Amino acid sequence: MIVAIGTKNPAKVHAVQDTLIRERLSFVPVKVDSGVADQPFSDEETLAGAKNRAEGALAITNATLAFGLEGGVQETKNGLMLCNWGVLVHEDGAKWYAGGAKLPLPDLVVQRLYAGEELADVMASLTGQADVRKKEGAIGIYTAGWVTRKELFSHLVKLLYGQYISSRGDVQH
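Remember, it's a predicted structure, so these values are computed and weren't measured experimentally.

Engineer: Please explain the overall build of the protein chain as it appears in this structure.
Structural biologist: Counting its regular elements, the protein chain contains 6 helices and 6 strands. Reading the protein chain from its N end, one meets helices and strands in the order β-α-β-α-β-β-β-β-α-α-α-α. Over its C-alpha atoms the protein chain spans a radius of gyration of 16 Å, differing by no more than 12% from the 16 Å that the globule rule assigns to 173 residues. Oriented by its inertia axes, the alpha-carbon framework of the protein chain measures out at about 45 × 35 × 25 Å. Per-residue burial over the protein chain gives 46% buried out of 173 residues. Considering only intrachain contacts with a sequence separation of at least 6, the fraction spanning at least 24 residues in the protein chain is 59%. Total accessible area on the protein chain is roughly 8700 Å²; 50% of this is exposed by carbon and sulfur atoms. One way to put it: in the protein chain the 18 positive side-chain charges average out to a point 5 Å from where the 20 negative ones average out.

This is the structure:
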């Protein structure tokens, strides 16, 4: 079965490929627009970006399934938090949704995000590392490497693919 991935970002692509390595799948990463701001600022906007990526990837490939993964931030009563969402779509129109872990961001980062900067740029500036979003991500930096961006998205892939398998009746209930 062919599985599209609605991005070419290595952290997201490897999250899908490495998580599903034991499945008999062929992966096709494709560049698609999320259709949301470069810095999504809510769960809803981040989820919409994931959905747009999945649907866009399915539309331009001959895949049976397509993953859309998106990271953003969400305002909460406990501060601005990292968020991530995933959507898996099937060629028959079925969709599955999953959200990931939340982690509060430091005040300095929050101020810069509210000033209009994108998280990846803020993290690059603070760490001196280019392409943090393609590597450990902010989550990796703020968990001292205990959780990486790839692992965060891998968890979503498991949640999504597990729902897909369950819905197809391939597991005992």
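Engineer: Mind showing me how you'd approach the environment of Leu 160 here?
Structural biologist: Secondary-structure assignment places Leu 160 in helix H6 (residues 149-167). Since its relative accessible area comes to 0%, Leu 160 is described here as buried.

Engineer: Please explain the pattern of salt bridges as it appears in this structure.
Structural biologist: Opposite charge on two side chains permits them to pair, given that their charged atoms come into close proximity. In total, this model carries 8 salt bridges according to the counting rule given. Put simply, Asp 18 and Lys 150 hold a salt bridge, and the shortest N to O gap is 2.4 Å. Within this pair, whereas Asp 18 is found in helix H1 (residues 10-19), its partner Lys 150 is found in helix H6, the two being separated by 132 residues in sequence. Judged by its relative accessible area of 31%, Lys 150 is partly exposed. As a salt-bridge pair, Arg 112 and Glu 117 come within 2.9 Å of each other at their nearest N and O atoms. Judged by relative accessible area, which is 19%, Arg 112 ranks as buried. Judged by relative accessible area, Glu 117 falls into the partly exposed class, the value being 29%. Salt bridges linked by common partners bring Lys 12, Arg 53 and Glu 70 together as one network.

The rules behind the values
- Residues numbered from 1 in each chain as written.
- Predicted model: local features only at pLDDT ≥ 70, side-chain atom pairs only at ≥ 80, totals over all residues.
- Heavy atoms only, no water.
- Helix = DSSP H or I, 4+ residues; strand = E, 2+ residues; numbered from the N terminus.
- Rg over C-alpha atoms; globule rule 2.2 N^0.38 Å.
- Buried < 20%, exposed > 50% of the residue type's maximum accessible area, 1.4 Å probe, protein only.
- Contact = heavy atoms within 4.5 Å.
- Areas by Shrake-Rupley, 256 points an atom, 1.4 Å probe, with all protein chains shown as cover.
- Lys, Arg positive; Asp, Glu negative; His and termini not counted.
- Charge placed at Lys NZ, Arg CZ, Asp CG, Glu CD.
- Salt bridge = Lys/Arg side-chain N within 4 Å of Asp/Glu carboxyl O.

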